[in-house]
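Now for the letters of each chain:
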Amino acid sequence: MRIVRKPMARIAAPVVGALTLLTVGAVTAPVGAQAAPLGRACMFEAPEGAYGAGHAAFAVKVRGEANHWVYGSFGSTNDAPIAGWIKGGTWEKAHAYFTSVRDKDHENARYYTRYRCVNTKDGDAKRAQSWYGAVKKRGYNVATNNCLHMSMAVFKGYSEILRKDPRLGSATGNTPNQYYTKVLPAAHWEVSHQL
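The text that follows walks through the structure, step by step, so that each part is easy to find. Everything numeric in this text was worked out from a predicted model, so none of it was measured.

**Some points on the packing of aromatic side chains**
In step 1: In total, this model carries 16 aromatic pairs according to the counting rule given.
In step 2: Between Tyr111 and Tyr112, the ring centres sit 5.1 Å apart and the planes meet at 80°, which makes this aromatic pair edge-to-face. In this pair, the class of Tyr111 matches that of Tyr112, namely buried.
In step 3: A connected cluster of aromatic rings, assembled from ring pairs, spans Phe44, Trp69, Tyr71, Trp85, Trp91, Tyr97, Phe98, Tyr111, Tyr112 and Tyr115.
In step 4: Lying over the aromatic face of Trp85, Lys87 brings its terminal NZ or CZ to 5.4 Å of the ring centre.
In step 5: A cation over a ring is seen here: Arg116 above Tyr180, with NZ or CZ 4.6 Å from the ring centre.

See the structure below:
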């Protein structure tokens, strides 16, 4: 019986190659498993709200969860002027809520009619809720603490990237309609979506 011997170098080469790939990171987990989920912020808008100045509401995605959002607003023709509300749920639930609100001043037509969103590399829903609470405690003021101030506070509390974006200027001096149609597009938020 004849014993066939292969040189050790030929047998060891594939093993050494695989070990090298593992140590330098060429063989890794799937990209989806490594990547942190993006944050996402959306402004919902009612162009006919506040006597044609518009009304803004917010929604932010809870990072690390597949489909959980925090959404709400602050004062409107559909809420008492001092009212602020905040809810949590799926995107479908948030979308359905904003779609269902009716405008009592305009023959019960749909109140919120559009929204636009932006992805962020960061996003902290708990911090967004904290900023919501701080703005609400100051009380509603049509000029200095209104629905647009609330929405922007939530977005800037949620994301340090949005907070530091110089294109997202102050809500003071802007109507929700102006901010939605001019400021957000200039800051590269997505195109407007109809509800």
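**Focus: the side chain of Thr99**
In step 1: Locating Thr99 in the fold gives a position in helix 4 (residues 91-100).
In step 2: For Thr99, a relative accessible area of 17% puts it in the buried group.
In step 3: Within polar-contact distance, the side chain of Thr99 engages the backbone oxygen of His95 at 2.7 Å.
In step 4: Here Thr99 is in contact with Arg110 and Leu195, once residues within four sequence places are set aside.

**Remarks on the sheet that holds strand 8 (residues 193-194)**
In step 1: Taken together, the six strands give an open sheet; going across it, the order is 4-3-2-1-7-8, and neighbouring strands pair in antiparallel fashion. The outermost strands of the open sheet, each flanked by one partner alone, are strand 4 (84-89) and strand 8.
In step 2: Across six bridges, strand 3 (residues 69-74) lies against strand 4 in antiparallel orientation. Bridge pairing in strand 4 places Trp69 opposite Gly89.

**So, the pattern of salt bridges**
In step 1: One pass over the structure, following the stated rule, counts four salt bridges.
In step 2: Where Glu190 meets Arg40, a salt bridge forms, and the shortest distance between an N and an O atom there is 2.7 Å. In this pair, Glu190 sits in the loop between helix 8 (176-186) and strand 8 while Arg40 sits in strand 1 (residues 39-46), placing the two residues 150 residues apart along the sequence.
In step 3: Between Lys164 and Glu160 there is a salt bridge, with the nearest N and O atoms lying 2.6 Å from each other.
In step 4: Exposure remark for Lys164: the relative accessible area of 59% places this residue in the exposed category.

Procedures and definitions
Residues numbered from 1 in each chain as written. Predicted model: local features only at pLDDT ≥ 70, side-chain atom pairs only at ≥ 80, totals over all residues. Heavy atoms only, no water. Phe/Tyr/Trp six-rings, centres within 6.5 Å; stacked < 30°, edge-to-face > 60°. Buried < 20%, exposed > 50% of the residue type's maximum accessible area, 1.4 Å probe, protein only. Lys NZ or Arg CZ within 6 Å of the ring centre and 35° of its normal. Helix = DSSP H or I, 4+ residues; strand = E, 2+ residues; numbered from the N terminus. Polar contact = N/O pair within 3.5 Å; in protein donor to acceptor, adjacent residues only side chain to side chain. Contact = heavy atoms within 4.5 Å. Pairing = 2+ DSSP bridges. Salt bridge = Lys/Arg side-chain N within 4 Å of Asp/Glu carboxyl O.

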